[in-house]
Every structure is written in structure tokens, then in C-alpha cells.
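# Structural characterization, general
Chain by chain, the residues:
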Amino acid sequence: MHASVLLTETTTLLRPNREDGTLVDATVGLGGHAETLLERYPRTQLVGIDRDPAALERAAERLEKFGSRVTLVRGRHEKLIDILKQSQVDAISGLLADLGVSSMQLDDAARGFSFRHDAPLDMRMGPDARSAAELVNTLDEAELATILRDYGEEPQARRIARAIVASRPLETTTQLAEVVRGVKYAKRGEIDPATLTFQALRIAANEELVGLDRFVDDAVGVLERGARIAVIAFHSLEDRIVKRAFKRLEGECVCPPGLPVCACGAKRIVKILTGRPVTATEDEVHRNPRSRSAKLRVAEKL
């Protein structure tokens, strides 16, 4: 069974402002967080969203016991407003977004997320995405280098992009990983040289950062007063966007330095409840090493 990251911390902080309201799990995955929330708040409804049909199938099985209290929708969390309209929900009592790739996706070798398995170079979270193979085999060197630098924070982005273009076509995870290892060497104890490249291509293929800032705005916009939004991020790019969005919604001025008067119209809409992000305990990291990079941020609508 997939281990939900920061389960206790998330389901404790994400208490609905009223128990007969509607919670949204915007990235329901296998339904671990959703199951705990539905058990803890027996009068609460839940709308679960995910772009991965396989994940929704598993979530449906897990949450079947809650009957009509659960509505599952295939779609991207960035389409939150449209999905809520389709589900005839006007306002919500809390929202969770557990961003990034799931353990189920990583562990399914056929989906091509991991360089630890020889598989087709896919990495799609849902049928709406482009495959990683399409990216590495069609983009030019400059475009690939930009992806590796911006989404993977890869210091050797240009060298790796040049090697990828020279080695095309690349069709499998093993082929790509070997190309990267051929130009980037890891010192003893460091992560695999291919790690940042695979992260960057996954983010680009699935457009994981596209609209994330607007999604936070949309989520806060449909929260009822006193309701909370909880976001779990797994890498610095996601976490940075969420952190800045929360601070902006808490009223922090984002005008360029030097302006005599604030022109951005900053308003305090939320109160941030996590001064620093909540991270996994040593015990959780021992049980589930993938929780090591998770950061939970929570804000409450005023």
C-alpha cells in the first residue's frame, strides 16, 4: 500500500471549517489522505481530482466504502474552478494538493519515470501530457538546456543537452541515463548523475509548474471563511511558488523596490499557519525515504 506523506500532520492541520461542508483533494492519487479525512469527519463530502486514470481507479476502490460522500473527477488541479462547477460545488471547506509524481507512478517501470528500470521513455502522469521521448527527440539543444536548467537546476545543462542531441534517437530510460552519465560524473555518495535530468523532463512533459500560482489563487478564492488550504511540495521549484503565493495572499507587497507607494494592491486574504514548512519526522523518513523532500504549507482564509 502506498504510504501517504505527512499523513498525520496534513489531516490534523486541514480540518474543515464546518463538518458538513465539502473538502477537495486536488491530487487524490491513491486516496490515502482522502480516506483519513473522510474517516475523521463523517459528515464531510469530498471531491477528489487526478489526471491519472490508473490512480483514480485505485482511489475509487479505496474510497468505495464512503459511498455518495465521494465524487472523483479526472482532470488537472489547475482546472479546479471548472471541475467544481461541473460538480455543482460553489464553495469548499478545505483543500489539499499533494504535488508531484506519486510512488505508484515511480514504481511502475512501464511508465518510464525512473532510470532504475529499463522502460520506454514516457513519464506521462496522464494522457494529456507529452512523453519525455517526444521532448528529447524533437527539441533543439537550446530548448533542452533551458528545461534542464530551469526545471532540474542542472549545472551542466548545456553539456547534457548537447550529448542528448548527438545521441538521438533515445527511446528508453536506460539509454537516456547512460547518455547523461557519459558527460556528468558523480562523486562518491552523491545522487545519480541522471536524477536532475529525469526530474526536469518529467516536470516539462507534464507541465507541473504551469498555472500553479493561479491554482493557489483559485483555491483560496473558493474557500469559505475560516477554511484552510494545505499544499505538499517535493522540490524547491514547487515549494518556492507556493511560498510566494501564500505570502502575496497574506498581504505582502510585491511591488519593485523603490516605489514610493504600493501599486500592487496587496490585500491580506489568508493567514499563514506554517511559518516554516512542516517536514517529515526521522521515523517517517526511515519508513518512507521519499518523504525526505516533502514540505507542507498551510494557510487559512480570513
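Conventions used here
Residues numbered from 1 in each chain as written. Predicted model: local features only at pLDDT ≥ 70, side-chain atom pairs only at ≥ 80, totals over all residues. Heavy atoms only, no water. Core = buried A, V, L, I, M, F, W, Y, C linked by side-chain atoms within 4.5 Å. Buried < 20%, exposed > 50% of the residue type's maximum accessible area, 1.4 Å probe, protein only. Contact = heavy atoms within 4.5 Å. Helix = DSSP H or I, 4+ residues; strand = E, 2+ residues; numbered from the N terminus. Polar contact = N/O pair within 3.5 Å; in protein donor to acceptor, adjacent residues only side chain to side chain. Pairing = 2+ DSSP bridges. Right-handed = clockwise from strand over helix to strand, strands pointing away. Salt bridge = Lys/Arg side-chain N within 4 Å of Asp/Glu carboxyl O. Arc of directions from axis to C-beta. Patch = residues over 30% accessible without salt bridge, like charges linked within 9 Å, V, L, I, M, F, W, Y side chains within 5 Å. Areas by Shrake-Rupley, 256 points an atom, 1.4 Å probe, with all protein chains shown as cover. Lys, Arg positive; Asp, Glu negative; His and termini not counted. Charge placed at Lys NZ, Arg CZ, Asp CG, Glu CD. Axes fitted to C-alpha atoms, helices over the stretch in contact; angles between N-to-C directions. Parallel < 35°, antiparallel > 145°, perpendicular 65-115°, else oblique. Left-handed = near helix turned anticlockwise from the far one by under 90°.

### A look at the nonpolar core
Nonpolar side chains in soluble globular proteins tend to end up buried together. Counting residues in hydrophobic clusters, the biggest one holds 32 residues, and the most contacted among them are Leu 121, Met 123, Ile 164, Leu 176, Phe 198 and Leu 201. Those residues within four positions of Phe 198 in sequence are excluded, and the remaining contacts are Phe 113, Ser 114, Phe 115, Met 123, Thr 173, Leu 176 and Ala 177. If you look at the next biggest cluster of nonpolar residues, it comprises 30 residues, including Ala 26, Leu 212, Leu 223 and Ala 299.

### Looking at the side chain of Thr 274
Turning to its location among the elements, Thr 274 is positioned in the loop between strand E6 (270-272) and helix H13 (282-287). On the accessibility criterion, Thr 274 (5% relative accessible area) is buried. For Thr 274, the side chain forms a polar contact with the main-chain nitrogen of Val 298, separated by 3.0 Å. Once you skip the residues sitting within four places of it in the chain, Thr 274 turns out to touch Leu 13, Leu 296, Arg 297 and Val 298.

### Description of the pairing of strand E3 (residues 70-74)
The sheet contact formed by strand E2 (residues 45-50) and E3 spans five bridges and is parallel. Each bridged residue has a counterpart across the sheet, and for Asp 50 the counterpart in E3 is Arg 74. In this region the chain leaves E2, passes through helix H3 (residues 53-63) and returns to the parallel neighbour E3; the handedness of that crossover is right-handed.

### Section: the environment of Glu 224
Structurally, the position occupied by Glu 224 is in strand E5 (residues 223-233). Judged by its relative accessible area of 14%, Glu 224 falls in the buried class. In this structure, the C-alpha to C-alpha distance between Glu 224 and Pro 16, residues 208 residues apart in sequence, is 9.5 Å. Leaving out residues up to four positions away in the same chain, Glu 224 has contacts with Asn 17, Arg 18, Ala 91, Ile 92, Ser 93 and Lys 301. Within polar-contact distance, the side chain of Glu 224 engages the side chain of Asn 17 at 3.2 Å.

### Here's the deal with the pattern of salt bridges
Under the criterion given, the structure shown has 26 salt bridges. We note a salt bridge from Asp 20 to Arg 18, for which the minimum N-O separation is 3.0 Å. Between Asp 217 and Arg 248 there is a salt bridge; the shortest N-O distance is 3.1 Å. In this pair, Asp 217 is assigned in helix H11 (residues 212-222) and Arg 248 in helix H12 (residues 236-249), connecting sequence segments 31 residues apart.

### Focus on helix H8 (residues 157-167)
One full turn of an α-helix is made of 3.6 residues, so residues set three or four places apart face in the same direction. Among all positions in H8, only Ala 157, Ile 160, Ala 161, Ala 163 and Ile 164 are buried. Down the axis, H8 shows its buried residues gathered within 165° of arc, on one side only. Buried-residue contacts for H8 involve helix H6 (132-138), helix H7 (141-152), helix H9 (173-183) and helix H10 (195-206).

### Examining a positive patch on the surface
Taken together, Lys 243, Arg 244, Lys 247 and Lys 295 make up a surface patch of like positive charges. Sorting elements by how many residues they give to the positive patch places H12 first, with three residues. When you line up the elements, Lys 243 lands in helix H12.

### A few points about the packing of H7 against H8
Relative orientation of the contacting elements H7 and H8 amounts to 135°, with a least axis distance of 8 Å. Regarding the angle of H7 to H8, the classification is oblique. Judged by the twist between their axes, the crossing of H7 over H8 is right-handed. The segment H7 lies against H8, with Glu 141, Ala 142, Leu 144, Ala 145, Leu 148 and Arg 149 engaging Ala 157, Arg 158, Ile 160, Ala 161, Arg 162, Ile 164 and Val 165.

### Digging into the sheet that holds strand E4 (residues 92-98)
Spatial ordering of the open sheet is given by E3-E2-E1-E4-E5-E7-E6, a layout of seven strands whose pairing is mixed. The open sheet is flanked by E3 and E6, the only strands paired with a single partner. Strand-to-strand, the axes of this sheet are offset by a mean angle of 15°, without reference to chain direction. Packed onto the sheet, H12 meets E5, E6 and strand E7 (295-301) and runs at close to 20° relative to E7.

### Notes on unusual backbone geometry
Each neighbour pair has its own omega, and for Arg 168 with Pro 169 the value is 5°, a cis peptide bond. With respect to the secondary-structure elements, Pro 169 resides in the loop between H8 and H9. Phi angles above zero are rare outside glycine, and Leu 6 is one such case at about 50°. Within the secondary structure, Leu 6 sits in the segment before helix H1 (7-13). Residue Gln 88 is not a glycine yet carries a positive backbone phi of 55°. Within the secondary structure, Gln 88 sits in the loop between helix H4 (80-86) and E4. Residue classification places Gln 88 among the exposed positions, given a relative accessible area of 73%.

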